[in-house]
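Analysis of the macromolecular model
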Amino acid sequence: MSGQDEAGFEAKFGTNLLADLAASPGVSLMAGAYINGALFMPDASPDTPADNVIVNPYNNEVIARIRFGGLAELERAIASAHGAFHAAMKRLPAHERASLLRKAADLLEDELKQFARVIMLEAGKPIRDSRAEVRRSVQILRLAEAEALKLDGQLVPMDAAAGGEGRIGMVRLSPLGVVAAIAPFNFPLNLVLHKVAPAIAAGNTVVLKPSEKTPLSSLLLARLLTRAGLPDGALNVVAGEGSLLGEALVSDPRISKITFTGSVPVGQRIQRLAGFRKLTLELGSNSPNIVFDDADLEQTAAGLVRGAFIFAGQVCISVQRIYVQSGIYNEFQQLFVSRTKALKLGNPADENTDIGPMISEEEAVRTERWIREAEALGAVVLTGGTREGALFSPTVMTRVKPDMKIMCRETFAPVVSLIPFDTEEEVLRMANASDFGIQAGVFTTNINRALRVADGLETGGVWINEISTYRQDNYPYGGIKQSGVGREGVGYAVRDMCESKFIGIKY
C-alpha cells in the first residue's frame, strides 16, 4: 500500500514482528521507514527506483526485501520529528522519559534472543557476540534512564565576581530539538542506541538513518520504543542509501545536532555542512597496543587475539597494530599465532564460531588486495591471508612498514600486524605516527611506565592491561586527529544533546 502503513507487512509478521522475523526470515516486501509511530511504505519514485534485498553475509541468503526511503520520506520524517519535539518531547517530564526508557530496556531484555538473531542474520555477527551486543544495548537504555533523572543544572555563585552581590545565577539545561543520527553496520543496535537513548533522555527527537546493510534492527527498535511509550514522531527511521539521504538530512535547518559514526571522507563532508550545529563524529582508527617485556604474555596474547578478530575485525577500535618489546617478541609471536590458528571461522549461527563473515565479499576482496600489496613490499603473512567469499581467515602479519595500507589506514578486517621495538621513546614515536587516535592499550606491570606511556599516547582513551577494543558505555569515548570530534558515552552524550541557558535574578 504505497504511501501508507503496509497492511500486508503487518498481516505477515503480526504484532510481534520480531519473533516472526527471527524464526523465519521472510521475503515479502518490507516497509523501509518508520514515521510518526508507524511503519511506512515509501512510494516507488525516481530516487527509490527498486526494492532492495537484505542478505545474510555468510551465505548471501535473502532475509528481507525492503523498499528504501527517498527524499520524500526523509522530509516527512524530519517534519514529524520537528513537530513531535514542540508538541510532546520538550514538555515531557524527566520521570516520564526515564519511565519509557526503563520499559524499553525491559522489553529489549525480554526479546534478547530474537534481537540477537536479527543482528546475526543482517550483519553476519556470530550469535554469541550478537547476544552480547543486545545485552550492552539493554545497559545503554538503563544508563540513559538514570541520566534522564539527574539532568541538573548549576547554581552560579554570583558574588564571586565584584558587583555580583545581591544576585542569584543559575544554569538550566534544555533539549536541543531534532537530532540527526547516522549509524554504521558493525553494531546495528548498540551504536544506534548510543545516539538514540541519550537523545530521548535529554528530551530531543531523532531522525535515524541506519546503514543500508543493516536496517532491520533499527526498524524493530523504533517499534519497541513506541510500545514502551515513546511519543509518536519522537523517533523516525528512514532506511536508504547514504549517498541520497545523508546530505539532505544534515543540511536541513530543522536539525539541531548531528551524530555520525562512519568513514573519514563522509565525516569531513558532514563537518563542512554542519555549520553552527552541534556535531559528534566517530570516524575510525588503527589502534596501537603496546606489550612491554614485563607483561603477562599468556593473558595478554589471549586478550589481543580477541581484540584483533572479534566481528572479523570490523570494530573502530580493533587491535590493528601490536608493538612488542624485542626481548619477548619471538615468544609473544608464537603464542599469538598459535591462539589465532585455534579460532573457528564459519557460520555465525553456530554457537562455536569465533569469526563470521565480513559484511560483504567486496570488503573481503579489498582486504585481500591490501595484504597482497603489503607482501609485495616485503611484509610476511604468519597465518591467514586467505578468503572464501566474505569469510576472511584471521591474519597475522610481520615485517610491515609504516606506509603500508594495513598499517597507516583503518583495515576494518581480521588483520593485525606485529612490530618489535626496543625503548619506550621509540614505541611512542611509532604508535603516534598515525592520522588516527581513538583508543590504545598498554601492557606492563610497571605502573610508572604505564602512566608515562598513557600520557604520551595521542589517543582519546588509553587502557592499561586491557585491549584497545574494550569499551564500556558509561565513559567518554571518542577520538582525536582524523578519528573525529566530540564524545559518546551515555552521560556525556546526554549533556551534549542539551543547551545550557543562564538565568539571573537580582534581589
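These lines cover the structure that appears in this document, whether it is placed above or below. Model, not experiment: these values are computed from the prediction.

Some remarks on the nonpolar core
- If you look at the biggest cluster of nonpolar residues, it comprises 65 residues, and the most contacted ones within it are Leu 108 and Leu 235.
- Element by element, the count of residues in this core is highest for helix 7 (residues 190–202), at eight residues.
- Excluding its chain neighbours within four sequence positions, the residues that come into contact with Leu 235 are Tyr 34, Val 196, Val 206, Leu 208, Ala 222, Leu 225 and Leu 230.
- Counting residues in hydrophobic clusters, the runner-up holds 50 residues, among them Leu 297, Met 404, Ala 431 and Leu 457.

As for the pairing of strand 1 (residues 29–35)
- In terms of residue burial, strand 1 counts as a mostly covered element, since six of its seven residues are buried.
- Of the pairings in the sheet, the one linking strand 1 to strand 4 (residues 62–68) comprises four bridges and is parallel in character. Bridge pairing links Gly 32 to Phe 68 in strand 4.
- Both strand 1 and strand 2 (residues 38–40) contribute to a ladder of three bridges, which runs antiparallel. From the neighbouring strand, Ala 33 faces strand 2, where its bridge partner is Phe 40.
- The loop that links strand 1 with its antiparallel partner strand 2 comprises two residues; one of these, Asn 36, has a positive phi angle of about 55°.
- In this structure, strand 1 lies alongside strand 9 (residues 235–238), joined through two bridges in antiparallel fashion.

What to know about unusual backbone geometry
- One non-glycine residue, Arg 399, lies in positive phi territory at about 55°.
- Of note, Arg 399 is situated in the loop between strand 17 (395–398) and helix 14 (405–408).
- Look at Lys 481: it is not a glycine, yet its phi comes out positive at around 55°.
- Along the polypeptide, Lys 481 turns up in the loop between strand 20 (461–464) and strand 21 (484–485).
- A residue is classified by how much of its surface remains accessible, and Lys 481, at 35% relative accessible area, is partly exposed.

What about the sheet that holds strand 6 (residues 167–175)?
- The three strands lie next to each other as 5-6-22, forming an open sheet whose pairing is antiparallel. Edge positions in the open sheet fall to strand 5 (154–156) and strand 22 (498–506), since each of these has one partner strand only. Across the sheet, the mean angle from the axis of one strand to that of its neighbour is 25°, orientation sign disregarded.
- Both strand 6 and strand 22 contribute to a ladder of nine bridges, which runs antiparallel. From the neighbouring strand, Gly 169 faces strand 22, where its bridge partner is Gly 504.

Let's talk about the sheet that holds strand 19 (residues 439–443)
- In space, the seven strands of this open sheet follow the order 14-17-18-13-12-19-20, with mixed pairing throughout. A strand with exactly one partner marks an edge of an open sheet, and here the two such strands are strand 14 (380–383) and strand 20. On average, each strand axis in the sheet is inclined to that of its neighbour by 25°, with strand direction left out of account.
- Bridge count for strand 19 against strand 20 is four bridges, and the pairing is parallel. Note that in strand 20 the partner of Val 442 across the bridge is Ile 464.
- Its contacts with the sheet put helix 13 (residues 361–376) on strand 14, strand 17 and strand 18 (415–421), and the angle it makes with strand 17 is roughly 25°.

Observations concerning the side chain of Ser 137
- Among the secondary structure elements, Ser 137 is positioned in helix 6 (residues 127–148).
- Judged by relative accessible area, Ser 137 falls into the buried class, the value being 0%.
- Engagement of the side chain of Ser 137 in a polar contact is seen with the backbone oxygen of Glu 133, the distance being 2.8 Å.

As for the pattern of salt bridges
- Scanning all chains against the criterion turns up 32 salt bridges.
- For Asp 106, the salt bridge goes to Arg 142, with nearest N and O atoms at 2.9 Å. Of this pair, Asp 106 sits in helix 4 (residues 94–110) while Arg 142 sits in helix 6, and the two are 36 residues apart along the sequence.
- Among the residues examined, Asp 106 registers a relative accessible area of 33% and is labelled partly exposed.
- Residue Arg 142 is joined to Glu 109 by a salt bridge in which the shortest nitrogen-to-oxygen separation is 3.0 Å. One end of the pair, Arg 142, is in helix 6; the other, Glu 109, is in helix 4, and 33 residues separate them in sequence.

So, the packing of aromatic side chains
- Applying the stated criterion across every chain, the model contains seven aromatic pairs.
- The interplanar angle of 85° and the centroid separation of 6.0 Å between the aromatic rings of Phe 185 and Phe 412 together place this pair among those described as edge-to-face. Of this pair, Phe 185 sits in the loop between strand 7 (178–182) and helix 7 while Phe 412 sits in the loop between helix 14 and strand 18, and the two are 227 residues apart along the sequence. The exposure classification of Phe 185 matches that of Phe 412, with both residues buried.
- Measuring from ring centre to ring centre gives 5.1 Å for Trp 463 and Tyr 470, while their planes differ by 85°; the resulting arrangement is edge-to-face.
- The structure contains a cluster of three or more aromatic residues connected by ring pairs, namely Phe 185, Phe 311 and Phe 412.
- Against the face of Tyr 477 rests Arg 471, its NZ or CZ located 3.7 Å from the ring centre.

Some thoughts on a positive patch on the surface
- A cluster of basic residues, Lys 90, Arg 91, Arg 172 and Lys 501, forms a positive patch on the protein surface.
- Judged by relative accessible area, which is 52%, Lys 501 ranks as exposed.

Cut-off values and rules
Residues numbered from 1 in each chain as written. Predicted model: local features only at pLDDT ≥ 70, side-chain atom pairs only at ≥ 80, totals over all residues. Heavy atoms only, no water. Core = buried A, V, L, I, M, F, W, Y, C linked by side-chain atoms within 4.5 Å. Buried < 20%, exposed > 50% of the residue type's maximum accessible area, 1.4 Å probe, protein only. Helix = DSSP H or I, 4+ residues; strand = E, 2+ residues; numbered from the N terminus. Contact = heavy atoms within 4.5 Å. Pairing = 2+ DSSP bridges. Axes fitted to C-alpha atoms, helices over the stretch in contact; angles between N-to-C directions. Polar contact = N/O pair within 3.5 Å; in protein donor to acceptor, adjacent residues only side chain to side chain. Salt bridge = Lys/Arg side-chain N within 4 Å of Asp/Glu carboxyl O. Phe/Tyr/Trp six-rings, centres within 6.5 Å; stacked < 30°, edge-to-face > 60°. Lys NZ or Arg CZ within 6 Å of the ring centre and 35° of its normal. Patch = residues over 30% accessible without salt bridge, like charges linked within 9 Å, V, L, I, M, F, W, Y side chains within 5 Å. Areas by Shrake-Rupley, 256 points an atom, 1.4 Å probe, with all protein chains shown as cover. Lys, Arg positive; Asp, Glu negative; His and termini not counted. Charge placed at Lys NZ, Arg CZ, Asp CG, Glu CD.

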